[in-house]
Every structure is written in C-alpha cells, then in structure tokens.
Amino acid sequence: MKIENLLLTAVLLAIPFSISAKQSIVWDFTGGKTPPGKWEVRGLEQAVPETGGLAIQTAKDGYMTANTDFGQDIGAVTITLVSTKSMESVLLWKEITSSHSGYRQLPFYIEGSEEEQIISIDLSNAWKWNPRTQEFGIALPSGAEILIKEIRFDGWNVFEKAGNAAKSFWKFDRFTPQSINFLWGPWINFNPVARGDMYMMDPPLGIPGMWIIYASLALLGFALSALTLAGKIGRAKATTIFAGVFAALWLVLDARMGLEILSYAKTDLNEFVFAEEGSRNLRIFRSFPETAQDALPLLSNNSPYFFIGPEGKSLYFSAMRYLSYPAYPVSSGPGFESAKTGLVFANAETGIDENGNLVKSGKIIKADPCEIMKKYRDDSFLVQCSK
Amino acid sequence: MILFWLIPGLFLPTLAGVLAIRILEGRAPVLFKFERITLGFVLGVTLTMFITFFAQILTGIKLTVLSHLIIQISTVIAIVLLYKITKNKSNEEKKPAASAGNKIHYSLFTIHYSFLTRSIILILIVWSLLKIILSSATFLVLTPSFLDDAVDNWNLRGKVFFTERRIKLDLPNEKGETEIYPLSAYPPTVPLIKAELSAFAGKWDEGLINSIHLLWYLSTIILVYFAIKRSAGGIFALLGAYMLTSIPLYLMHGTNPYADAFLSAHIFAAISMVYFAVTADNPEEKKSFLRLGALSAALLIFTKNEALLIHLPVILAITAVSLFWLKKKNKLQTSECVKIIYWYSGFVLAVALPWIIFKLANGFAFGNAQALSGIKLSWHPGIMKAVFYNTFLEGNWLLLFPLLLILLVIRRKDAFKTPLLVLTAFLLIIYFGQMPLYMFTFLYTEAVNQTGYSRGLVQIVPIIVMLAALLLEKLIRQEQV
C-alpha cells in the first residue's frame, strides 16, 4: 500500500471520531432558571431559584438530583458556586446495575470564600463512574449556605483524549519526602481536569504510563514474531528492530524522568536558593528552613528550648534537633514545662491567650506569662516565657 | 570555597585505600589505574573510619584534625610497611601478570564508530552530566537536607561526633531526657567521615558534608564502567555507565544524603571481584581479585546494618561455591583456596568481631530500621501489588527490570551456566530472599510503603546493570556472528 493511501485511510477512519468533538452540557441556574429534567430534593430545607443562581440553605444533611441523559462520554464536572463556609460535599450518581441500588458518591471540598469559585472535579477516574447514569446530583452537609450558579459536564473526543494523555505523560510530580523512596513516574489521564490534579493523590489519578510502554513493546514483539514466523524478516533483523525500539523507549523514559528530577532542582532554585530573603520556601517544608535559621541564635542560647511543629510531623522536631545541636528541643515532659524559649512552626492551633498563656487548641500548655518575640510566616512564631 | 576541604579530608583515606588495594593485588595488578584510585577512595574511607571509630572508643582520643591525621598517617605507614614486607617476600617478582582488565582495549574515539553513534554517545554523556551536576549541586549543596534518614541519622550523628569530638551514643529525647539513641546501632562510617571533613574545615557545613554522597555515587558509576570494560569493552562499559546514571531513583540517592548508594559501591566491589576471579585467566589474577573481594566484603559490615545480615552471608556463600568450582576445575590449587579462605576469614573477622562486640556491649539491635529479634510470622496481603508497582509501573527504574527479565530468559545459558551465574545468583538470592520478610513479617510496611524494598533495590542496582550489560554484549555479539 502506498503512503498516500495509508494517509487517506487514516483520515477517513478519523472522521467519525472528530465529529464527536469536545462537548459540554451546562446546567445554568442563573436568572432563576431550573435546568430541564425531573429534579428531586431531599433533606435540604431551602433550595430557591434566584437571579444569581440556586440558593440553598439547610440545617440538615440533604441532597438534590436530576434525571440525566448525557448521551455522550462525560469526563469531568465543573461547578460554579459561592459559599462562605468551608465544607465537604459529595457528588452523587445512580448506579445502573442491578447489583447496586443506591448512589455512588464522590466527595469534594468547598473552601469558604466570599468570591465566586469554580471547582472542577474529574469523573473519569471516579470509582464506578458511568456517564450513562440516569440520575446525577449533589449532597450538602448540615449548615450549608451555598449559591450554585452553574454545573457543567465536559466530555472530550478521542483526539483530545490522546492529546491530554500525551501531556499528562510529560507532567511532573514535585519533590516530596517520599521521592527518596519512589518516584511515581509518568501517569496517564485523558482530560485536563484529571491531569491538573493527578499528582495531588497517592497514588496519582489515572493509570501508570508504563502500561503504554509495555503495550507498545508487546504489540511490537507480537508483530515481529509473526513476521519472523512468516519468513518476511530474519530473526536478526527482528531482534535489532525490537532492541532499537526498546532503546528508544528507554531514552524517552530517561528524558521524562531526568527532566522531572531537573524540575525539582529548578523549583528549589527558584523558590529557595534565588528567592528573596523572607520569602524562601523549600518544598513541603515551606518557610521552615528560613524560620529555623532565623530563630536558631536565640534558641541555641536557651537550651533546652521547646518546639511545637505541625501535628503528626515528627520530621520537623528531628530537623530542629539536628540544626540546633548541641542545643536541643523538647516537646513534652518536665523539659517542656521548664523551657522558657521556644518556636512554634506551622501550628495554627497554638497561640498566646489574653492572659499570656501558651495555648494549643484552646488548652493551656504553658501557664507562664509568654509573649511572642517574633512572628513568622506559616502560622509560626518565636516565643519567650518569663516565669 | 568550602568544598576545597574534600581534598585534605579525603586524600589520606584514599591513599590508604589505594595502597591496601595495591598490596592485595600483589604480583597481578588487575585493576585499571583510575579504577584502583576510585576503589581506593571507597574502601579507604570505610577502612580509615573503621580504625578511627575503634581508636576513639578504645583510647578516648578526641576527634580533632590532629587525631584524624595521626590515625590516617599511621594507617598509611602501616600499609606501606606491609607493602614493603610483602614486596620483599616476593622479591622474585618479575613483570606483573597481564591484567585481565587491560586485555580488551576499545577506545571510544579510535574505533570505527559512525558519526551518529559518536554523537549519540556525546549527547548522552552531556545529558547525564547535566542531570548529576544540577541535581547534586541543588539537593546536596544549595538546599538543606530535610529527609528522614539525613536529619535522624547520617547528618545528625555526624554533627554530634563533630561537636563532641568523640563517638557519642546518647542524645536527649523529646522530653529532654538523655538516653541511648537507637540509631547509634548503625555503622558509623557515613557520619564519621562527615565529622572528619568538618574537623578539617573547622565548622559544620551542609554543602561540604553532603558532597561526599556525590563522590560515592560517581565512584559506583566509575567502578561499573571499568568492571564492564574489563569483560565486554569500552562501548558496553559506556552503555552500562549510562544505564546506571539514567536510573532515576539511583540518581535521587546519589544526589541526596542517604547511604544506600554508598552501600551499593561496597556490594558491587565485593561481588564483582568474585565474578572476575572466576573469569580471570591465571591463578595470580584470580587470587588478586579474591583478595580484593575479601577486603570489600569485610568492609561491607561497616556500611549499613543490612550488609551484615543480608549481603555478606550471600557473598560469602557464593565465594565459597566459586572457590569449590575453581578447585574442581583445577583453576586453583587446594593450598591457594585455603589461603583465600584465610584472607576472607581474617578480614571479615577483623571487622565483624569488634563491631559485633561493640553492638552487644551496648545492647544494640541487629536489624536495620527495626530489630529482627522476636519475629512473628503472618501473611500480609498487598505486598505483591506494591512490589509490582514499584518494580514495573513507577518511574524508579525505567525499563531495567523488564530488560533484565528478557535477558535472563533469552540468554539463560549465559546467565546460569557461565561465570555470570555469580552475579545472577547474587541478585536472585538477595531479591527473593528478602521477599518472605516482606510477605510474612512486620517488615511488610517496608514494602507497602515502598521504603525498605526500594532501597534494597538501590543497593543492588549496579550489579543488575552490570549483569544486563554483559548479557546484552553476549546477545549482540552472537547476533553479529
């Protein structure tokens, strides 16, 4: 077959896919509209269509759903809303198999804000997501006060999915403490919403990109074996082709992972090494190196000093012990009670009350008259207790 | 420039290592010159830190620049004296036996590689150097190291040794009460060399004390390069060196202050020497490699805890089988085998006994992250999935394990019925030997969380790369025939 014929065939085969280009279904709640379909509201005390959108207020947990017939593949949903309260909400859809009669659920978080928010949620990786579901909705917790302006459902065609898959293959993770134990490497997602969120989860959203590599190698191996058995090419040539493709894939993966590690270095250089003093951040430790460095002279002269770090993160205590040695931190016991100077890092629950007590989650942990010597970023401060 | 202190800080340990290696090579200098210097650095640092550790423990000497110099100069003098004695003993020494390493001379720029091949090689070298330089400069020198083992173990203990000028085993706990620090159970080579470098510099500097990790990483690459070059020639040596630098998790370990790349250099030296002993042409070379293997195996004990429990027994077992085979094939005489056993026993006991006594005397556990005493057996599900993900589906190892599996299948005769069996057996025993620990004991968390399992692979990656490169060489040469 000539190359022109091959190209023509490819174009003709592609036409059906390109017809189904990315499509969005929009439920617009503004102007007092109610999107078409049969709506059902349960538990929510007040759900009123207003000019700005659907206003919901409820003192009880509840949900609302609508009958759906998307008629296309839906990969993500985007909700435009206003909510001054932070809360965990849930997307719901009806399972259409006989084995499961209830709703499938996908929790998501709404950060409280006076501003309008656009929250995009990937559905393509959601457990048991089925775009042919006949009922879709949202559940809200008690105390919710929310204005829903729009819910948009997006689907992508096969070319867009392939493009997103290629982009997600080259999207890099960040340098985290676990990076010394394992690197997730390339992962594949088929829409931009999933791609944007993929490394926020452990394991990442989507499927491992290595499957693509193995599938390619398996297909190639199968084709070469068939050609060799049919006597079309020799064994040596088949081995050379396979080895060549294998080597090329190795180089691609090396480029992918090497660039990821270089991106770690670039981030460190930009955010820490070359950043302005007072705004240096190091990976998930944020301002910790800069804060610790600034606090060390005072802490070292008042050893043992007390240290309160983020809850459940012992690494910060270890880092302080290392950085300040031979001075050392304490975090509990008699040493903590007698220590006069201390550092609180990234612990928003800890502060000084009106009586000068050091309090944590409302509980007095040091009854001495304490005062903040210096405030730092990320809910951190240097504290001196006088008694 | 603080990194300048690496030169005085590492010169004497490296010299001691090079001299020790040269003595052990005897009449058959089997290593390439640069390979000897590299291995001299790796083994010399561990050897001098071993001596420093026990000198400090036994005499109470303060760990100052002067005491470091005294210990290191004494070590060098002792080795030179030994060298003189052994040289006089073998006064009949004629020309050195032909080095196994020097038989194959493939030069990258004289052999007939096409322009394309040379360009690819050049690009890969530049790319690899770029990755190593930028990541090591950033992670080791320019940013603080807030990784668990760095701040809890290697760097912390180094700073304690440097500050206290002695081997201090206790530290204040979170309540401020002083108690024996559990991680003092780890061999102190890594923290001690950091303390030594700081003693020379006169201060504790993160960039300086972390940069030693890059040297260990580069050393392993160089050792892998020369080892493959000895067996398969320059182009495959370059291929192997590239493969090793391309392994992402190994790069992360080489450019962060963890000790697994450091351990991997010792493991590589210890087992590759046994392989070369089996493949070498004449008895002198075989004995030379085995003596080097004996020193490498012994010093393994002083690297990380798992070396004594996991790697050393396997290396000793494979060495024993290799000796038996060499005797059976009349490649070595019984008396020569016995001498090699003496070398191994002497070196291993010289390091193991004092270290084990020290651990017992202080009540230290013998496990790695956790003590292995009182193990209860029970099945832990999810291990195989975590292992499969880490090995094949994540970005840690590129295609190294599929490549190894393919090569082990299609070149099984080479892998299992030639001297390459030394490497194959080591890998398979170490790999599958650890699996029951993950599947049936409390150590399953090390696999599920991908901590111990990953690091276990980092430690043997240089051997995997060498085996893969040598099997590839056999495959390609056969296809060319």
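Bear in mind the structure is a predicted one, so any value in this text is a computation, not a measurement.

Tallying secondary structure elements over chain B gives 19 helices and two strands in all. For a compact globule of 481 residues, the expected C-alpha radius of gyration is about 23 Å, and chain B comes in at 22 Å, within 12% of that figure. Seen through its principal axes, chain B has C-alpha atoms that stretch 70 × 60 × 50 Å. By residue count, 60% of the 481 residues in chain B fall in the buried class. Considering only contacts in chain B between residues 6 or more positions apart, those separated by 24 or more positions represent 80%. Mean positive and mean negative side-chain charge positions of chain B (42 and 26 charges, respectively) differ by 10 Å.

Below, the discussion takes up the interface of chain A and chain B. Taken together, the contact pairs 60 residues of chain A with 65 residues of chain B. Summing the contributions of chain A and of chain B, the shared interface buries around 5,300 Å²; its carbon and sulfur component is 70%. When the buried surface of chain A facing chain B is broken down by residue, Trp250, Tyr322 and Tyr325 of chain A rank first, second and third, together holding 17% of it. Linking chain A with chain B are two salt bridges. Here chain A is connected to chain B by 22 residue pairs in polar contact (both at pLDDT 80 or more). Elements represented by at least two residues in the side of chain A that touches chain B include exactly helix H4 (210–229), helix H5 (235–273), helix H6 (288–300), helix H7 (314–324), strand S15 (329–330) and helix H8 (333–338) of chain A.

The next point concerns the pairing of strand S4 (residues 54–57) of chain A. Residues and elements named next belong to chain A. Pairing of strand S3 (residues 46–49) with S4, which is carried by four bridges, proceeds in the antiparallel orientation. In the strand pairing of S4, Val48 is matched with Ala55. Judged from the four bridges that link them, S4 and strand S11 (residues 145–155) form a sheet pairing that is antiparallel. Residue pairing across strands places Ile56 opposite Ile146, the latter belonging to S11.

The next point concerns the sheet that holds S15 of chain A. All names here are of chain A. Strands sit in the order S15-S14-S16-S21-S20 across an open sheet of five strands; the sheet is mixed. The outermost strands of the open sheet, each flanked by one partner alone, are S15 and strand S20 (370–376). Bridge count for S20 against strand S21 (residues 380–385) is six bridges, and the pairing is antiparallel. Each residue of the ladder has a partner; that of Lys374, found in S21, is Leu382. Across the sheet, H6 lies against strand S14 (305–308), strand S16 (341–344), S20 and S21, angled at about 175° from S16, the strand it touches most. The sheet strands contacting H7 are S14, S15 and S16, and the helix crosses S14 at an angle near 150°.

Residue and element names in this part refer to chain B. Its 24 residues give helix H12 (residues 305–328) an end-to-end C-alpha distance of 35 Å, which sits within 8% of 34 Å, the value for a rise of 1.5 Å per residue. Taken as a whole, H12 carries its principal kink of about 40° at His311; the proline Pro313 stands between one and four residues after it. Asn330 sits one or two residues past H12 and shows a positive phi near 60°.

This paragraph deals with the sheet that holds strand S17 (residues 350–352) of chain A. Residues and elements named next belong to chain A. Strand order across the open sheet formed by three strands is S17-S18-S19, with antiparallel pairing between neighbours. This sheet does not close on itself; its edge strands, each paired only once, are S17 and strand S19 (363–366). Taken over all neighbouring pairs, the strand axes of this sheet differ in orientation by 40° on average, direction set aside. Across three bridges, strand S18 (residues 358–360) lies against S19 in antiparallel orientation. Directly across from Lys360, in S19, lies its bridge partner Lys363.

Residue and element names in this part refer to chain A. Throughout the structure, instances matching the rule amount to one disulfide over all chains. Put simply, Cys370 and Cys385 are joined by a disulfide, and their sulfur atoms are 2.1 Å apart. With the S-S dihedral at roughly 105°, the linkage between Cys370 and Cys385 falls on the right-handed side. Remark: Cys385 occurs in strand S21 and Cys370 occurs in strand S20; sequence separation between them is 15 residues. Like Cys370, the residue Cys385 is buried in the burial classification.

Before going further, it helps to spend a moment on the confidence of the model for chain B. Residue and element names in this part refer to chain B. Averaged over every residue, the pLDDT of chain B is 91; the share at 70 or more is 92%. The model gives residues 92–109 a pLDDT under 50, and that stretch makes 43 contacts with residues more than four places away or in other chains. Scored by ipTM, the complex comes to 0.92, with pTM at 0.92.

What follows deals with the packing of H6 of chain A against H7 of chain A. All names here are of chain A. Taken N-terminus to C-terminus, the directions of H6 and H7 make an angle of 50°; their axes are 10 Å apart at the nearest point. By the angle class used here, H6 and H7 are oblique. Taken as a pair, H6 and H7 cross one another with a handedness that is right-handed. Every residue of H7 that contacts H6 at Phe288, Ala292, Leu296, Leu299 and Ser300 is listed here: Tyr316, Ala319, Met320, Leu323 and Ser324. A breakdown of the residues in the contact of H6 with H7 according to their chemical character gives eight nonpolar, two polar and no charged.

Attention now moves to the environment of Ser318 of chain A. Position of Ser318 of chain A among the secondary structure elements: in helix H7. According to the relative accessible area criterion, Ser318 of chain A is buried, its value standing at 6%. Not counting residues up to four positions away in its chain, the partners in contact with Ser318 of chain A are Val151 and Asp152 of chain B. At 2.7 Å, the side chain of Ser318 of chain A and the side chain of Asp152 of chain B are in polar contact.

We now examine helix H6 (residues 189–201) of chain B. Since the α-helix turns once every 3.6 residues, residues separated by three or four places project in the same direction. Helix length check: H6 of chain B, at 13 residues, gives a terminal C-alpha distance of 18 Å against a target of 18 Å (1.5 Å per residue), a fit within 8%. The positive-phi residue at the C-terminal boundary of H6 of chain B is Gly202 of chain B, with phi of around 80°.

So, on to the pattern of salt bridges. On inspection of all chains with the given rule, the structure shows 26 salt bridges over all chains. A salt bridge links Glu271 of chain A to Arg174 of chain A; the shortest N-O distance between them is 3.5 Å. Taken together, the positions of Glu271 of chain A in helix H5 and Arg174 of chain A in the loop between helix H2 (158–169) and strand S12 (187–188) put the pair 97 residues apart, joining distant regions of the chain. Taking relative accessible area as the criterion, Glu271 of chain A reaches 30% and is therefore assigned partly exposed. A salt bridge links Arg377 of chain A to Glu290 of chain A; the shortest N-O distance between them is 2.8 Å. Of the two residues, Arg377 of chain A is situated in the loop between S20 and S21 and Glu290 of chain A in helix H6; the sequence distance between them amounts to 87 residues. A relative accessible area of 28% places Arg377 of chain A in the partly exposed class. Accessibility expressed as a relative area gives 16% for Glu290 of chain A, which makes it buried. Bridged by salt links that share partners, the residues Arg27, Glu284, Lys287 and Glu336 of chain B form one connected network.

We describe a pair of aromatic rings using the distance from one ring centre to the other and the angle between the two ring planes. Inspection of the entire model under this criterion finds 55 aromatic pairs over all chains. Between Trp211 of chain A and Tyr214 of chain A, the aromatic rings sit 6.4 Å apart at their centres with planes inclined by 80°, giving edge-to-face as the arrangement. Here Tyr214 of chain A and Trp211 of chain A lie together in helix H4, a separation of three residues that amounts to about one turn. A residue is classified by how much of its surface remains accessible, and Trp211 of chain A, at 40% relative accessible area, is partly exposed. Given the relative accessible area of 17%, Tyr214 of chain A is considered buried. For the pair Phe34 of chain B and Phe226 of chain B, a centre-to-centre distance of 6.3 Å together with 65° between the ring planes defines the contact as edge-to-face. With a gap of 192 residues between them, Phe34 of chain B in helix H2 (residues 33–59) and Phe226 of chain B in helix H7 (residues 206–232) connect regions that are remote in the sequence. Pairwise contacts between aromatic rings join Trp27, Phe29, Trp39, Phe70, Trp93, Trp129, Phe136 and Phe153 of chain A into one cluster. Directly above the aromatic system of Phe276 of chain B lies the positively charged group of Arg230 of chain B, at a separation of 4.6 Å from the ring centroid.

Thresholds, definitions, all that
Residues numbered from 1 in each chain as written. Chains lettered and ligands numbered in written order. Predicted model: local features only at pLDDT ≥ 70, side-chain atom pairs only at ≥ 80, totals over all residues. Heavy atoms only, no water. Helix = DSSP H or I, 4+ residues; strand = E, 2+ residues; numbered from the N terminus. Rg over C-alpha atoms; globule rule 2.2 N^0.38 Å. Buried < 20%, exposed > 50% of the residue type's maximum accessible area, 1.4 Å probe, protein only. Contact = heavy atoms within 4.5 Å. Lys, Arg positive; Asp, Glu negative; His and termini not counted. Charge placed at Lys NZ, Arg CZ, Asp CG, Glu CD. Buried area = accessible area lost by both parts, 1.4 Å probe. Salt bridge = Lys/Arg side-chain N within 4 Å of Asp/Glu carboxyl O. Polar contact = N/O pair within 3.5 Å; in protein donor to acceptor, adjacent residues only side chain to side chain. Pairing = 2+ DSSP bridges. Axes fitted to C-alpha atoms, helices over the stretch in contact; angles between N-to-C directions. Expected span 1.5 Å × (residues − 1). Bend = angle between axes of the 7 residues up to and from the residue. Disulfide = S-S within 2.5 Å. pLDDT = per-residue confidence, 0-100. Parallel < 35°, antiparallel > 145°, perpendicular 65-115°, else oblique. Left-handed = near helix turned anticlockwise from the far one by under 90°. Nonpolar A, V, L, I, M, F, W, Y, C, P; charged D, E, K, R; others polar. Phe/Tyr/Trp six-rings, centres within 6.5 Å; stacked < 30°, edge-to-face > 60°. Lys NZ or Arg CZ within 6 Å of the ring centre and 35° of its normal.

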